[in-house]
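Topology and contacts: notes
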Amino acid sequence: MRLMHGSLMYRDKRLEGFDAAAAVEVVEHLDPPRLAAFERVLFEFAKPRTVVLTTPNREYNAKWETLPAGRFRHPDHRFEWTREEFQDWASKVAGRFGYTVRFLAIGPEDERAGAPTQMGVFSNVR
């Protein structure tokens with residue numbers, strides 16, 4: 001095993017050819033204008049066969065009694081998506097870069113708010 005230091009904002013040939021990649025609670029820390037760079041680096045250039053990506057479900061925030069309305073879960077979050085927003089983004093990314101995506105809930109599901117965390121599992125179909 002080898003530890004590599006890098007960024008998913010810039011193309012890095014060392015990241016190419018892996019079977020899988022995990023971006024766990026990462027995208028919400030990116031400024032929205034930088035998402036396009038992240039998408040290209042991960043899905044177009046690195047092109048792992050499988051990508052597991054998780055992000056908070058903003059709808060679930062109402063369930064946290066200590067989280068004031070309208071606030072994010074972490075001060076470094078640039079945004080938090082609803083389930084619909086995440087699924088829309090992920091479906092567009094999957095289609096643009098030759099992946100399929102399926103969605104899973106992580107954590108206890110509330111009837112109205114969903115689960116605390118949402119996950120997209122992308123599979124490369126090329």
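This structure is a prediction, so every number in the text was calculated from the model and none was measured. (Residues numbered from 1 in each chain as written. Predicted model: local features only at pLDDT ≥ 70, side-chain atom pairs only at ≥ 80, totals over all residues. Heavy atoms only, no water.)

1. Structural notes on the layout of surface pockets
Just so we agree on the cut-off: Using a grid of 1 Å spacing that covers the protein atoms alone, one calls a set of points a cavity when a 1.4 Å probe fits there but cannot get out, and a pocket when the set is open and has protein on both sides within 12 Å along at least five of seven lines; lining residues are those with an atom within 4 Å of a point. Grid points are joined across faces, edges and corners, and a volume is the space filled by probe spheres set on the points. Strands are runs of DSSP state E lasting at least two residues, helices are runs of H or I lasting at least four, and both sets are numbered from the N terminus onward.
What the largest pocket holds in volume is close to 320 Å³. Leu8, Leu15, Ala21, Ala22 and Leu42 are, among the 16 residues lining the largest pocket, the residues nearest its centre. For the lining of the largest pocket, the element with the highest residue contribution is strand β1 (residues 20-24), accounting for four residues.

2. A closer look at the pattern of salt bridges
One side chain can pair with another of opposite charge once the charged atoms of both are near each other. To keep it simple, the criterion reads: By definition here, a salt bridge exists when the distance from a side-chain nitrogen of Lys or Arg to a carboxyl oxygen of Asp or Glu is within 4 Å.
The tally for this structure, following the rule as stated, stands at 11 salt bridges. Notably, a salt bridge pairs Arg49 with Asp19, separated by 3.4 Å at the nearest N-O pair. Taken together, the positions of Arg49 in the loop between α1 (35-46) and β2 (50-56) and Asp19 in the segment before β1 put the pair 30 residues apart, joining distant regions of the chain. Between Arg78 and Asp76 there is a salt bridge, and its shortest N-O distance comes to 2.5 Å. Linked through salt bridges whose partners overlap, the residues forming this network are Asp31, Asp76 and Arg78.

3. So, the nonpolar core
For the record, the criterion: Definition of nonpolar core: a set of buried residues of the types Ala, Val, Leu, Ile, Met, Phe, Trp, Tyr and Cys, connected through side-chain atoms within 4.5 Å. Exposure categories follow from relative accessible area, calculated using a 1.4 Å probe and restricted to protein chains: below 20% of the type maximum is buried, above 50% is exposed, and the middle band is partly exposed. The contact criterion used is simple: two residues touch if any of their non-hydrogen atoms lie within 4.5 Å.
With 20 residues, the main nonpolar core has Val27, Phe38, Phe43, Leu53, Trp89 and Phe122 as its most contacted residues. Mapped onto this core, the elements with two or more residues apiece are α1, β2 and α2 (83-97). For this core, the leading source of residues is α2, giving six residues. Sequence-distant contacts of Val27, defined by excluding residues within four places in its chain, comprise Leu35, Phe38, Leu53, Thr55, Phe79, Trp81 and Trp89.

4. Overview of the packing of aromatic side chains
Selection rule: Aromatic rings from Phe, Tyr and Trp, taking only the six-membered ring of Trp, are treated as a pair when their centres fall within 6.5 Å; an angle between ring planes under 30 degrees marks them as stacked, one over 60 as edge-to-face, and anything in between as tilted.
For the coordinates displayed, the defined rule picks out 10 aromatic pairs. Aromatic pair Phe43 and Phe97: ring centres 6.3 Å apart, planes at 15 degrees, arrangement stacked. With Phe43 in helix α1 and Phe97 in helix α2, this pair connects stretches of sequence that are 54 residues apart. Just as Phe43 is buried, Phe97 falls in that class too. Centre to centre, the rings of Phe43 and Tyr99 are 5.2 Å apart; their planes meet at 85 degrees, and the pair counts as edge-to-face. Of this pair, Phe43 sits in helix α1 while Tyr99 sits in strand β3 (residues 99-106); the two residues are 56 residues apart in sequence, bridging distant segments of the chain. Residue classification places Tyr99 among the buried positions, given a relative accessible area of 5%.

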